[in-house]
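Here's the letter readout for the chains.
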Amino acid sequence: VSSTSGPLITFLSDYGHDDEFVGICHAVIATISPEARVIDLTHGIPRHDVRAGALILRSSLPYLPPGVHLAVVDPDVGAERRAVAIRAADGRILVGPDNGLLSLAAQLAGGVVEAVDIARSPFRLEPVSATFHGRDIFTPVAARLSAGAELAQAGEPCDPEQLVSLELPRARLEDGAVVARVVYIDRFGNVALGVEHDDLADTGLKLGRSVELQLPRGETHEAQYALTFAEVQADRLLLYEDAQRRLAVAVSRGNAATRLGLAVDDELRIIPK
Amino acid sequence: VSSTSGPLITFLSDYGHDDEFVGICHAVIATISPEARVIDLTHGIPRHDVRAGALILRSSLPYLPPGVHLAVVDPDVGAERRAVAIRAADGRILVGPDNGLLSLAAQLAGGVVEAVDIARSPFRLEPVSATFHGRDIFTPVAARLSAGAELAQAGEPCDPEQLVSLELPRARLEDGAVVARVVYIDRFGNVALGVEHDDLADTGLKLGRSVELQLPRGETHEAQYALTFAEVQADRLLLYEDAQRRLAVAVSRGNAATRLGLAVDDELRIIPK
Amino acid sequence: VSSTSGPLITFLSDYGHDDEFVGICHAVIATISPEARVIDLTHGIPRHDVRAGALILRSSLPYLPPGVHLAVVDPDVGAERRAVAIRAADGRILVGPDNGLLSLAAQLAGGVVEAVDIARSPFRLEPVSATFHGRDIFTPVAARLSAGAELAQAGEPCDPEQLVSLELPRARLEDGAVVARVVYIDRFGNVALGVEHDDLADTGLKLGRSVELQLPRGETHEAQYALTFAEVQADRLLLYEDAQRRLAVAVSRGNAATRLGLAVDDELRIIPK
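Computed from a predicted model, the values in this text were never measured in an experiment.

**Some words on the overall build of chain A**
Then, in step 1: The number of helices and strands found in chain A is 6 helices and 15 strands.
Then, in step 2: In summary, chain A has a C-alpha radius of gyration of 21 Å against a globular reference of 19 Å for 273 residues, a match within 12%.
Then, in step 3: Dimensions of chain A, computed from the C-alpha atoms along their principal axes, are close to 60 × 40 × 35 Å.
Then, in step 4: Here chain A holds 273 residues, and the buried ones make up 58% of them.
Then, in step 5: Pairs at least 24 residues apart make up 65% of the contacts formed inside chain A by residues separated by at least 6 positions.
Then, in step 6: Carbon together with sulfur atoms contributes 46% to the accessible area of chain A, which is approximately 10800 Å² in total.
Then, in step 7: Averaging the locations of the 26 positively and 38 negatively charged side chains of chain A gives two centres separated by 4 Å.

**Focus: the pattern of salt bridges**
Then, in step 1: All chains considered together, the criterion is met by 58 salt bridges over all chains.
Then, in step 2: Here Glu241 of chain A and Arg245 of chain A are joined by a salt bridge, their closest N and O atoms 3.7 Å apart.
Then, in step 3: Residues Lys273 of chain B and Glu222 of chain B are paired through a salt bridge, measuring 3.1 Å at the closest nitrogen-oxygen approach. Residue Lys273 of chain B is located in the segment after β15 (267-272), and its partner Glu222 of chain B is located in strand β12 (residues 220-225); the two are separated by 51 residues in the primary sequence.
Then, in step 4: A residue is classified by how much of its surface remains accessible, and Lys273 of chain B, at 53% relative accessible area, is exposed.

**Here's the deal with the relation of the copies chain C and chain A**
Here two copies of a chain appear, and what relates them is a rotation about an axis with a shift along it.
Then, in step 1: For the pair chain C and chain A, the best superposition has an RMSD of 0.0 Å and corresponds to a rotation of 120° with a translation of 0.0 Å parallel to the axis. Both copies of the chain, as the preceding transformation shows, are related through a three-fold rotation axis.
Then, in step 2: The two copies present different faces, since only 3% of the interface residues in chain C are matched by interface residues at the equivalent positions in chain A.

**Looking at unusual backbone geometry**
Then, in step 1: Here the residue pair Glu126 of chain A and Pro127 of chain A is connected by a cis peptide bond, since its omega of -5° sits within 30 degrees of zero.
Then, in step 2: Looking at the element boundaries, Pro127 of chain A is found in the loop between β6 (112-117) and α4 (133-146).
Then, in step 3: In this model, His48 of chain A sits at a positive phi of 70°, which is unusual for a non-glycine residue.
Then, in step 4: Residue placement: His48 of chain A occurs in the loop between β2 (37-42) and α2 (50-60).
Then, in step 5: One non-glycine residue, Asp265 of chain B, adopts positive backbone phi at about 90°.
Then, in step 6: Residue placement: Asp265 of chain B occurs in the loop between α6 (256-260) and β15.

**A closer look at the packing of helix α1 (residues 21-32) of chain B against helix α4 (residues 133-146) of chain B**
All names here are of chain B.
Then, in step 1: Two numbers describe how α1 lies on α4: the axes approach to 9 Å, and their chain directions differ by 40°. By the criterion of interaxial angle, the relationship of α1 to α4 is oblique. Of the two elements, α1 crosses α4, and the hand of that crossing is right-handed. Residue-level inspection shows Ile24, Cys25, Val28, Ile29 and Ile32 of α1 in contact with α4, the latter providing Gly134, Arg135, Thr139, Pro140, Ala143 and Arg144.
Then, in step 2: Counted by class, the contact of α1 with α4 contains 7 nonpolar, 2 polar and 2 charged residues.

**Quick notes on the relation of the copies chain C and chain B**
Then, in step 1: If you rotate chain C by 120° and push it 0.0 Å along the axis, it lands on chain B with an RMSD of 0.0 Å.
Then, in step 2: Looking at chain C, a mere 3% of its interface residues are interface residues in chain B too, so the copies touch through different faces.

**Focus on α4 of chain B**
Residue and element names in this part refer to chain B.
Then, in step 1: A rise of 1.5 Å per residue sets the reference length of α4, with its 14 residues, at 20 Å; its end C-alpha atoms lie 18 Å apart and thus fit the reference within 8%.
Then, in step 2: Of all the bends in α4, the greatest reaches close to 35° and is centred on Thr139; the proline Pro140 follows between one and four positions later.
Then, in step 3: With 13 of 14 residues buried, α4 lies mostly within the body of the structure.
Then, in step 4: In the segment just after α4, Gly148 is the residue with positive phi, at about 115°.

**Describing the side chain of Asp186 of chain C**
Then, in step 1: Its location among the elements puts Asp186 of chain C in the loop between β9 (177-185) and β10 (191-196).
Then, in step 2: Buried charged residue Asp186 of chain C carries no salt bridge. Nearest counter-charge: Arg47 of chain B, at 6.8 Å.
Then, in step 3: A distance of 2.7 Å separates the side chain of Asp186 of chain C from the backbone nitrogen of Phe188 of chain C, its partner in a polar contact.
Then, in step 4: Excluding anything up to four places from it in sequence, Asp186 of chain C contacts Asp19 and Phe21 of chain B.

**A look at the side chain of His43 of chain A**
Residues and elements named next belong to chain A.
Then, in step 1: In this fold, His43 is placed in the loop between β2 and α2.
Then, in step 2: A distance of 2.7 Å separates the side chain of His43 from the side chain of Ser13, its partner in a polar contact.
Then, in step 3: Within the local environment of His43, its side chain forms a polar contact with the side chain of Asp40, the two groups lying 2.7 Å apart.
Then, in step 4: Not counting residues within four places of it along the chain, the set of residues in contact with His43 comprises Phe11, Leu12, Ser13, Asp14, Tyr15, Gly16, His17 and Val22.

**Here we look at the interface of chain C and chain B**
Then, in step 1: Facing 33 residues of chain C, the contacting portion of chain B comprises 32 residues.
Then, in step 2: For the pair chain C and chain B, the two sides together bury roughly 2600 Å², of which 55% comes from carbon and sulfur.
Then, in step 3: The largest share of the area that chain C buries against chain B comes from Tyr63, Arg187 and Phe188 of chain C, three residues that together contribute 26% of it.
Then, in step 4: Our count for the contact surface shared by chain C and chain B stands at 1 salt bridge.
Then, in step 5: Counting across the chain C and chain B interface gives 10 residue pairs in polar contact (both at pLDDT 80 or more).
Then, in step 6: Mapped by element, the contributors of at least two residues to the side of chain C that touches chain B are β2 (37-42) and α2 (50-60) of chain C.
Then, in step 7: Per-element accounting of the side of chain C that touches chain B gives the leading share, 5 residues, to β2 of chain C.
Then, in step 8: For the side of chain C that touches chain B, the class distribution of residues is 16 nonpolar, 11 polar and 6 charged.

**What to know about the pairing of strand β12 (residues 220-225) of chain A**
Residue and element names in this part refer to chain A.
Then, in step 1: With 5 bridges connecting them, strand β11 (residues 210-214) and β12 associate as antiparallel partners. In the sheet register, Gln214 faces β12, and the bridge partner there is Thr220.
Then, in step 2: Here β11 hands over to β12 after 5 residues, with Gly218 in that stretch at a positive phi of 95°.
Then, in step 3: Judged from the 2 bridges that link them, β12 and strand β13 (residues 237-241) form a sheet pairing that is parallel. Looking across to β13, one finds that Gln224 is bridged to Leu238.

**Some thoughts on the packing of aromatic side chains**
Then, in step 1: Applying the stated criterion to the full structure yields 15 aromatic pairs over all chains.
Then, in step 2: Both rings, one in Phe229 of chain C and one in Tyr240 of chain C, keep their centres 5.0 Å apart while their planes meet at 80°; by these two values the pair is edge-to-face. Of the two residues, Phe229 of chain C sits in the loop between β12 (220-225) and β13 (237-241) while Tyr240 of chain C sits in strand β13, which places them 11 residues apart along the sequence. Assigned by exposure class, Phe229 of chain C and Tyr240 of chain C land together as buried.
Then, in step 3: Three or more aromatic residues joined by ring pairs make a cluster, and in this case those are Tyr15, Phe21 and Phe132 of chain A together with Phe188 of chain B.

**Points about the sheet that holds strand β7 (residues 156-157) of chain A**
Residues and elements named next belong to chain A.
Then, in step 1: Taken in spatial order, the 7 strands line up as β2-β1-β3-β5-β4-β6-β7 in an open sheet, and their pairing is mixed. The strands lining the two open edges of the sheet, one partner per strand, are β2 and β7.
Then, in step 2: In the packing of helix α1 (residues 21-32) onto the sheet, the strands contacted are β1 (8-13) and β2, and the crossing angle to β1 comes to about 160°.

Rules used throughout
- Residues numbered from 1 in each chain as written.
- Chains lettered and ligands numbered in written order.
- Predicted model: local features only at pLDDT ≥ 70, side-chain atom pairs only at ≥ 80, totals over all residues.
- Heavy atoms only, no water.
- Helix = DSSP H or I, 4+ residues; strand = E, 2+ residues; numbered from the N terminus.
- Rg over C-alpha atoms; globule rule 2.2 N^0.38 Å.
- Buried < 20%, exposed > 50% of the residue type's maximum accessible area, 1.4 Å probe, protein only.
- Contact = heavy atoms within 4.5 Å.
- Areas by Shrake-Rupley, 256 points an atom, 1.4 Å probe, with all protein chains shown as cover.
- Lys, Arg positive; Asp, Glu negative; His and termini not counted.
- Charge placed at Lys NZ, Arg CZ, Asp CG, Glu CD.
- Salt bridge = Lys/Arg side-chain N within 4 Å of Asp/Glu carboxyl O.
- Least-squares fit on C-alpha atoms with pLDDT ≥ 70 in both.
- Axes fitted to C-alpha atoms, helices over the stretch in contact; angles between N-to-C directions.
- Parallel < 35°, antiparallel > 145°, perpendicular 65-115°, else oblique.
- Left-handed = near helix turned anticlockwise from the far one by under 90°.
- Nonpolar A, V, L, I, M, F, W, Y, C, P; charged D, E, K, R; others polar.
- Expected span 1.5 Å × (residues − 1).
- Bend = angle between axes of the 7 residues up to and from the residue.
- Polar contact = N/O pair within 3.5 Å; in protein donor to acceptor, adjacent residues only side chain to side chain.
- Buried area = accessible area lost by both parts, 1.4 Å probe.
- Pairing = 2+ DSSP bridges.
- Phe/Tyr/Trp six-rings, centres within 6.5 Å; stacked < 30°, edge-to-face > 60°.

Below, the structure written as structure tokens:
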């Protein structure tokens, strides 16, 4: 890495692109840390969906250069939730609300080794608004940290053990079936399940074979367990390992969530045939 | 500010992200002013909504580092409206159509001290298209100015007094009620009113108290005047000062514009109780 | 161009902004080629619409600084289609799937002088997923090439003659009418036809005159052949040369595609009056 490329901030939120929220945060960073380079990971997290944000931050982390990782999905802005900046064991800095949003990524990064409460950070922009802590607290703290400030300067120390942690639904085996919940649905209608790559070995699923998918209402569908969409005829259901290495359900050239009427948290049974 | 971070251009438009318009303008800047750094303030201004663009440019301005501020919301492209570059009293440069889009920000920046008509700017890209002056006129002029050209080189001098100015509806007091118009609705359905922070002292509104909102059709609703969304129960109406320090109406975890059937320019009466 | 501005990568895709796909690709570039500057041309290509992507890449090319042009619209990811990096006669590098997406731009850039198959590129990220070659193949190859790697290092040589090429529908003259197909519809409902600037001279169309538009179902409408939208009354049909210098149909301040019920590939007859 050359010395001219500047420190890196990645930024994830549910702000969307219709309003100026993201642009204002970029401007705040440029004011405080003009050398910083910002990568917009995504601002399309469904509004207030902390778990979707946490999952995407975690699955993206291995691809992100080390730096400051700013994340804002904050349904309780203005309420009692803490605002935090944390340092993980691998050196990454995460900044955001303490509502579980950062917890999955922090865990993947080796756990939290230092945490500060930044609600009254000296780096805040005054006056702090009641509704836009992204602009007034999270972004200026992230920018100052990327510009070289120490974590301890950003706020009051707090106990890493007391940070809010998300619990994800884990898949279980039951009478030879894999019982798993929907954890995420992308914009193509592909349905990711709570079954990670490392859990797959125990499931008895075999590539190229058919499986029976049993929906929450008892209805069943046949699907093929395949490596790629291209192996499966257009309009047919497939089960596959997605780009985040999770088990997922799709329709080749179609929309599986719509076809099956699935939503996040629905439980599926996958029965090898 | 370090010398390696380059000059800054901020960019606001109604181009959206579905087409390549924004990307082409970025490419034009990179060609003319490779050192320039571009901050996309927003490209989600509702199509042709000059007033929404003007309001967002003004409310964002205090957060933008000084530089060249490019703005394109241009319903009359190809017609007689002027294209301008202007210098404000605080040194900021604004570039865009002369339809009022720049006027609120220019006023906040201390007023216009120099203006040039850039319709036939020597910095234009030839051939100038009839419909995409963002690419052919506004962006190349902004890029050249950010790269160090003088305003006087960009076009023909014109009289700052003759630039188009937007008039915003001002709130008034009437029989103890605040009568205000809707000036902006964000994507969450929060409804901003034409009542600025500095006008609030005279309104008789008291934090924590209830108010009666009277809609254009006479219908009334109770709302709480609160500091934060979190003070108000989910699904309840609140009146609050938004992140742009304007009075606004919201529904906690809901959509106020839809709930109340409000649109921009509707008039509301707010009656303290 | 100053030495501090770094090599340039432009990026076009159908990934949209709702998911993190674009952000992950930016992160991959920042990891491999931290000096590179990325311009997002657009990520709003309709899903899997290779021709729309190819048309936009070609029409944008004259505005893009020379560099590496990454493009991903890839309905057959995981199937037998090749992945390629190519060098055009003018020195530009194009990277993407070999499904015609790059072909129109390559032709405009003087034709392909060197091509490599990058499916098994040493620059790939392992493990390569079945569905996200943007992250695992195309982006890392583009990043390494922008950082100075030679094309020959990126993959196995392949014959430029064997690359997939798109055929565009050409307009024809028939009994004094111009018969042309719809090639693209933008988000404003403006309808671009397969008639390029250089073909216009032969059509007998005269600026300022009326024409008759005959729709696929035989229905006819009157339109004005105009230079700008502003010449035509609101809500009236016009025929004009668009910003890509193609003949196009629009409704002044309205949506022509909706009004006329037109879709890509529909055939129109334009009859001078």
